[in-house]
Amino acid sequence: MPITSDKRIAQQVVAQSVANGVKHVVCSPGSRNAPLVIAFDENPQVCCYVVHDERSAGFFALGIAQMLNEPVAVLCTSGSAAVNYFPAVTEAFYQYLPLVVITADRPAAWVDQGDGQTIVQKNLFGKHVRYSCDFGEGIHDNESLWHVNRELATAFNLCNGEWKGPIHINVGMSEPLYGKVDCAEINVRRVETVGGCFKLPDRRRTEMEQALSGTRKLVLIGQHRPDEALLRQMEQFSDDTDVAVLVENTSNLQHERFVHCIDRALNSITEEELPDFAPDVLISIGGAVVSKRIKSFLRKNRPKQHWKVGFEFPFMDTFQCLTHSFQSDPVDFMKELNSLNYSRNTLNFSSKWRQKDLIARDRMGEFFDRVRFSDIKVFELILDYLPERTQLHMANSSVIRYCQLFDPVRSIKYWSNRGTSGIDGSTSTAVGAAKAAPDDLHVLITGDISFFYDSNALWNKYLSNNLRIILINNRGGGIFRIIPGPSETAQGKKYFEAHHEQEADKLCEAFGITYHRAECSKDIELCMETFYAKKNTGRPELIEIITPREVNDGELEAFFKALR
Ligand SMILES: Cc1ncc(C[n+]2csc(CCOP(=O)(O)OP(=O)(O)O)c2C)c(N)n1
Ligand SMILES: [Mg+2]
């Protein structure tokens, strides 16, 4: 006979989680969460992991959720443990990922009464969760059972519905905590939202046809998971030469008609030409957009209409010109759009955009023939060596920005924590993703500060040989030498770039990670010859590439100049 915790509330939370699709639970050790740990671990439908550091555990779970696109739970004890989930919670909130945060608590009566490991956990994550529920132990009659079930059904619906995001389930429990009983049948509830296909009413169709007829249309796609159906719809829409489609590598949508390197293209457009590139209608799809330049371009050259498509943040007005919010699945919306009747192929707007990008791309070869060894050269090299079908995880700061300057590869999937653009969890996220998709090769490209910040990601027993880390050590926050401002201050080197001499060899040794070091192109080329080969070590490998901090910013500037 299978067993479970003797706490009724723990049984109920676990049963509801499983009924709502939770298959992976990342547990962090503690005592207060014992009833939930026991109930999850004893459940044969759940795969449990143990990661001590809750900040890292949160991002590890996020990486699993990225790969599987299903709700993934984290579970911790009471007190500051729960607060350490906060960075991953905000990232999940703005990246629309279904993270289920379960925190054990003291019974409510003991909060603020001088008990250990007790803080105010109710509503801890405030507005950064889609729903928050708080339970005591008391399921003692039908009404209290209905209450718990209804709250959990609501929470899971908001976690994993059309607009995905994190939820918080706080559970106050008293001692003893380790009791077990035989499993009994548990009554669970689910509530499903029935949306149906998106259909435009006739009046709206006519209005949209008018707006689209003979006008310049620009589609901007932000962060998005790979989606073949959306690609097909975009392909059809972009058959019309009046449509320019701008994507980033994190859009995971590639097509010869699209512009894949927005900054590279925008960099080649002169001030006088800019108005010719401004759209009449802007259609935006997906999550975060990396390019700052396109945001500022669209804010300056505002289209008459901005149609935002998607369920998430329907009133987000990134370009200060939102006119219509279509709360629909992007594929359904595009199907409707493609069925409209309006005059197409009048302006050649799309080739205007594409030409700019192609000319810039052609100039890259010449630039890389004479560039000095620096960050930009390193990116050219390492991106070229990436094996087909890699899952590429890009850390924030200048890594994600450099990666935008090179054409994405069709078979590679691109991931990055662009919800909040933090430097606090990129490695843990990649480690989680590598665990969740074990048959794929995962490559993390990270800066030094991001890497050292999240070094507890390596304190993880699920690391394996399908993960490679490329650490670009420019001895500080190189981004602060690139962006205007910091380098003109007396505080630049100490407070912003935060120059240091730390290297990763000892960390790798401590965590049993095979370490390589490179200081020039030749070193990198030599290492890359065998870096990706599958080895039986069961451990990840890391290459630390030391780049010259004082050269990096100048070469990047030279890159943009050469492409202009
Ligand atoms: C949690 C968090 N703290 C601080 C920042 C601000 N910040 C942005 S980039 C950066 C430096 C990152 O340096 P590194 O990872 O070495 O990347 P590089 O700029 O050198 O490419 C900092 C501190 C942030 N984004 N997130
Ligand atoms: Mg750096």
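Quick notes on the rules
Residues numbered from 1 in each chain as written. Chains lettered and ligands numbered in written order. Predicted model: local features only at pLDDT ≥ 70, side-chain atom pairs only at ≥ 80, totals over all residues. Heavy atoms only, no water. Helix = DSSP H or I, 4+ residues; strand = E, 2+ residues; numbered from the N terminus. Pairing = 2+ DSSP bridges. Axes fitted to C-alpha atoms, helices over the stretch in contact; angles between N-to-C directions. Near = heavy atom within 4 Å. Polar contact = N/O pair within 3.5 Å; in protein donor to acceptor, adjacent residues only side chain to side chain. Areas by Shrake-Rupley, 256 points an atom, 1.4 Å probe, with all protein chains shown as cover. Contact = heavy atoms within 4.5 Å. Patch = residues over 30% accessible without salt bridge, like charges linked within 9 Å, V, L, I, M, F, W, Y side chains within 5 Å. Salt bridge = Lys/Arg side-chain N within 4 Å of Asp/Glu carboxyl O. Core = buried A, V, L, I, M, F, W, Y, C linked by side-chain atoms within 4.5 Å. Buried < 20%, exposed > 50% of the residue type's maximum accessible area, 1.4 Å probe, protein only. Expected span 1.5 Å × (residues − 1).

Enquirer: Break down unusual backbone geometry for me, with residues and values.
Expert: The residue after Glu 175, namely Pro 176, is reached through a cis peptide bond having omega 0°. Residues other than glycine seldom take positive phi values, yet Asn 69 does so here, at roughly 50°. Mapped onto the secondary structure, Asn 69 falls in the loop between α3 (54–68) and β4 (72–76). Although it is not a glycine, Ser 397 sits at a positive phi angle of roughly 70°.

Enquirer: A description of the sheet that holds strand β18 (residues 514–518) should follow, citing residues and the corresponding values.
Expert: Ordered by their spatial adjacency, 6 strands build an open sheet running β15-β14-β16-β17-β19-β18, and the pairing between neighbours is parallel. Every interior strand has two partners, whereas the edge strands, β15 (413–416) and β18, have only one. The sheet shows a mean angle of 20° between the axes of neighbouring strands, taken without regard to direction. With 4 bridges connecting them, strand β14 (residues 391–394) and β15 associate as parallel partners. When the bridges of β15 are listed, Gln 391 appears paired with Lys 413.

Enquirer: How would you sum up the site of ligand 1? Please name residues and give values.
Expert: Taken together, 17 residues sit near ligand 1, with Ser 397, Ser 398, Asp 448, Ser 450 and Gly 478 positioned nearest. One of the backbone N or O atoms of Ser 421 is found 3.2 Å from a nitrogen atom in ligand 1. Take Ser 450: an N or O atom from its side chain is 2.5 Å from an oxygen atom of ligand 1. Look at ligand 1: alone it shows 590 Å² of surface, and the protein chains cover 76% of it. Elements with a contribution of two residues or more to the shell around ligand 1: α17 (448–453) and α18 (479–482).

Enquirer: Describe the sheet that holds β4, and please don't skip the residues or the numbers.
Expert: The parallel open sheet is built from 6 strands, whose spatial order is β3-β2-β4-β5-β7-β6. Whereas interior strands pair on both sides, the edge strands pair on one side only; in this sheet they are β3 (47–50) and β6 (131–135). Adjacent strand axes in the sheet meet at a mean angle of 20° when their direction is disregarded. With 4 bridges connecting them, strand β2 (residues 24–27) and β4 associate as parallel partners. By the bridge assignment, His 24 is partnered in β4 with Val 72. Each of β5 (99–105), β6 and β7 (167–172) is contacted by helix α1 (residues 8–19), which is oriented at about 160° to β7, the strand it contacts most.

Enquirer: Got a sec to walk through a nonpolar patch on the surface? Specific residues and values, please.
Expert: On the surface, Phe 480, Tyr 495 and Phe 496 cluster together to form a nonpolar patch covering roughly 300 Å² of accessible area. Note on placement: Phe 480 falls in helix α18.

Enquirer: Give a description of the side chain of Asn 43 that names residues and reports values.
Expert: By the element assignment, Asn 43 lies in the loop between α2 (34–42) and β3. Ignoring anything within four residues of it in the chain, the contact list for Asn 43 reads Val 14 and Val 18.

Enquirer: So what about the nonpolar core? Which residues, and what values?
Expert: Counting residues in each nonpolar core, the largest one holds 47 residues, and the members touching the most others are Val 26, Phe 60, Tyr 85 and Phe 451. With 8 residues, α3 is the largest single contributor of residues to this core. Tyr 85 has contacts with Val 26, Ser 28, Glu 54, Ala 57, Gly 58, Val 74, Leu 75, Cys 76, Val 101, Thr 103 and Phe 125, leaving out every residue within four places of it along the chain. In terms of nonpolar packing, the next biggest core, distinct from the first, is built from 42 residues, Met 364, Tyr 402, Met 528 and Leu 556 among them.

Enquirer: Any chance you could break down α1 for me, citing the residues and the numbers?
Expert: For α1, which comprises 12 residues, the first-to-last C-alpha distance of 16 Å matches the rise-based estimate of 16 Å (1.5 Å per residue) to within 8%. When you tally the buried positions in α1, you get 10 out of 12 residues, the bulk of the element. Within the sequence span of α1, burial applies to Ile 9, Ala 10, Gln 11, Gln 12, Val 13, Val 14, Ala 15, Gln 16, Ser 17 and Val 18. Of the residues one or two after α1, Gly 21 is the one with positive phi, at around 95°.

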